Amino acid sequence: MPEEIIRTLSVDGVRYSYRVLPYASGSGAPVTEPALVLGGALQGMYGWPQMDDHLGPATDVVTADLPGMGSADPLPPGPSADLLRRAVLAIADDLGAPRLNLFGFSYGTAIAFGFAQRHPERVARLALGGVPVHIDAAQVARWERAREVLAGGDREGFAALAADALMCLDPERTVHRRELARRYVRRSFLHALTHSPHATDSLYRALADRPDFSGGLSGVPALVFAGEHDTVTSPERQREFAATIEGSRFLTIVESDHWVVLERAVEVAELVSGFFTETETQTRPGAAPVTLPRQAGAPVGRT
């Protein structure tokens, strides 16, 4: 396994870092362009070992503590979408990569999708999972309650409420590794709130910001996937979003919810690495790809 490289950049005076696990197969040039992974609000550069394992044999794997995340500086007041997109562009430029494979999950999907819209020439392929394209009133109410608990100083209570708000707890629906994922998410929230000086602000911004997934996209091969029991945004809503990306593919992964990257970590890593390397994209748990050849509003059928 090659040694990782950590580099520090800044945008508008905000310092942040990214990590590169260099390709070192010994079998010639990388199979595909470097792959940049952008995760949830508190998912930093060290949270993706499964992607290292599956993408490492094919290309450089890049993860990041973008502004407002992990070890990076906090985000300045005001809208942050443009700054985060420029932070991604700076990573691509610093790598010397004409194009990147982009994988965005949850909060990271808005950054990845917005970047692809504005810089399609810099994106080789786009994979998006757990896209929070629609947050209903019940979900907003749960998060508001969690924010109140955190504002009152109860970090453990917040971690429990926040984790539960992101998961399907219906006992009638089977979710692989549900309790394991639930405990992990709770611990992750609590650890971030305890050790990161601006984790609370980052969470507030992630909850308060309403990312823009409108406008469609063309010219970028794209894959969108969802856990079949995602309660943050239903698979149906995510499928509708996928239809706004010309030529994209959509699939659901069974026995999983919004935290599909934890509950089905190996399957997600295989799916994304297969898509980026243009090999088989079918997942072991029987996900069924759907081809979406038209823009939003057009009827889409299963193939």
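Residues numbered from 1 in each chain as written. Predicted model: local features only at pLDDT ≥ 70, side-chain atom pairs only at ≥ 80, totals over all residues. Heavy atoms only, no water.

For the protein, the helix and strand inventory stands at 10 helices and 9 strands. Residue burial in the protein is summarised as follows: out of 303 residues, 53% are buried. In the protein, the proportion of contacts linking residues at least 24 apart, taken out of those at least 6 apart, comes to 71%. Roughly 13000 Å² of accessible area belongs to the protein as shown, and the carbon and sulfur atoms make up 51% of that amount. (Helix = DSSP H or I, 4+ residues; strand = E, 2+ residues; numbered from the N terminus. Buried < 20%, exposed > 50% of the residue type's maximum accessible area, 1.4 Å probe, protein only. Contact = heavy atoms within 4.5 Å. Areas by Shrake-Rupley, 256 points an atom, 1.4 Å probe, with all protein chains shown as cover.)

Close reading of the predicted structure is inappropriate where its pLDDT is low. Of all residues in the protein, 89% have pLDDT values of 70 or greater, and the mean over the chain is 87. Every residue in residues 281-303 is under pLDDT 50, and counting partners more than four places away or in other chains gives 61 contacts. (pLDDT = per-residue confidence, 0-100.)

Let's shift gears to the nonpolar core. Membership of the largest hydrophobic core comes to 45 residues, with the highest contact counts inside it found for Leu-66, Leu-126 and Leu-128. Considering each element in turn, this core owes the most residues, 7 residues, to helix α2 (residues 81-95). In terms of nonpolar packing, the next biggest core, distinct from the first, is built from 42 residues, Leu-21, Ala-181, Phe-189 and Leu-193 among them. (Core = buried A, V, L, I, M, F, W, Y, C linked by side-chain atoms within 4.5 Å.)

Taken as a whole and judged by the stated rule, the model has 9 aromatic pairs. Arranged with centres 6.0 Å apart and planes meeting at 40°, the rings of Phe-275 and Phe-276 form a pair that is tilted. Taking the relative accessible area as the measure of exposure, Phe-276 reaches 1% and is therefore buried. Here the aromatic residues Trp-48, Phe-103, Phe-105, Phe-225 and Trp-259 are joined through ring pairs into a cluster of three or more. (Phe/Tyr/Trp six-rings, centres within 6.5 Å; stacked < 30°, edge-to-face > 60°.)

Interhelical geometry of α2 versus helix α3 (residues 107-118) gives an angle of 70° and a closest axis separation of 9 Å. By the angle between their directions, the pair α2 and α3 is classed as roughly perpendicular. Contact with α2, carried on its side by Leu-84, Arg-85, Val-88 and Leu-89, involves Tyr-107, Ile-111, Gly-114, Phe-115 and Arg-118 of α3 and no other residues of that element. (Axes fitted to C-alpha atoms, helices over the stretch in contact; angles between N-to-C directions. Parallel < 35°, antiparallel > 145°, perpendicular 65-115°, else oblique.)

Mapped onto the elements of the fold, Ser-248 is located in strand β8 (residues 248-253). For Ser-248, a relative accessible area of 0% gives the class buried. At 2.7 Å, the side chain of Ser-248 and the backbone oxygen of Ala-242 are in polar contact. (Polar contact = N/O pair within 3.5 Å; in protein donor to acceptor, adjacent residues only side chain to side chain.)

Positive phi values are uncommon outside glycine, yet Ser-106 reaches one of about 55°. By the element assignment, Ser-106 lies in the loop between β5 (100-105) and α3. One non-glycine residue, Arg-177, lies in the positive phi region at around 60°.

One full turn of an α-helix is made of 3.6 residues, so residues set three or four places apart face in the same direction. Look at α2: 22 Å from first C-alpha to last across 15 residues, which is about the 21 Å you get at 1.5 Å a residue. Tucked into the core, α2 has its buried residues touching β1 (5-11), β2 (14-21), β3 (35-38), β4 (61-65), β5 and α3. Looking one or two residues past α2, Gly-96 carries a phi angle of roughly 70°, positive in sign. (Expected span 1.5 Å × (residues − 1).)

Moving on to the packing of helix α5 (residues 155-165) against helix α6 (residues 178-195). Contact pair α5 / α6: the axes reach a minimum separation of 8 Å and the direction vectors enclose 135°. In this view, α5 runs oblique relative to α6, as classed from their interaxial angle. The interaxial crossing formed by α5 with α6 has right-handed handedness. Residues Arg-155, Glu-156, Phe-158, Ala-159, Ala-160, Ala-162, Ala-163 and Asp-164 of α5 lie in contact with α6, whose contacting residues are Arg-182, Val-185, Arg-186, Phe-189, Leu-190, Leu-193 and Thr-194. Considering only residue class, the contact of α5 with α6 consists of 9 nonpolar, 1 polar and 5 charged. (Left-handed = near helix turned anticlockwise from the far one by under 90°. Nonpolar A, V, L, I, M, F, W, Y, C, P; charged D, E, K, R; others polar.)

Across the 6 residues of strand β7 (residues 222-227), 6 count as buried, placing the element largely inside the fold. Here β7 shows no split at all, with Ala-222, Val-224 and Ala-226 on one side and Leu-223, Phe-225 and Gly-227 on the other all buried. Here strand β6 (residues 123-129) runs beside β7; their pairing, made up of 4 bridges, is parallel. Residue pairing across strands places Ala-127 opposite Leu-223, the latter belonging to β7. As paired elements, β7 and β8 share 5 bridges and run parallel to each other. Of the residues in β8, the one forming a bridge with Leu-223 is Arg-249. (Pairing = 2+ DSSP bridges.)

Now for the pattern of salt bridges. Per the counting criterion, the structure on display carries 18 salt bridges. Between Glu-278 and Arg-125 there is a salt bridge; the shortest N-O distance is 3.2 Å. In this pair, Glu-278 sits in the loop between α10 (265-276) and β9 (290-292) while Arg-125 sits in strand β6, placing the two residues 153 residues apart along the sequence. Residue Arg-125 is classed as buried on the basis of its relative accessible area of 11%. Glu-255 serves as the salt-bridge partner of Arg-264, at 3.1 Å between the closest nitrogen and oxygen. The class for Glu-255 is partly exposed, based on a relative accessible area of 31%. (Salt bridge = Lys/Arg side-chain N within 4 Å of Asp/Glu carboxyl O.)

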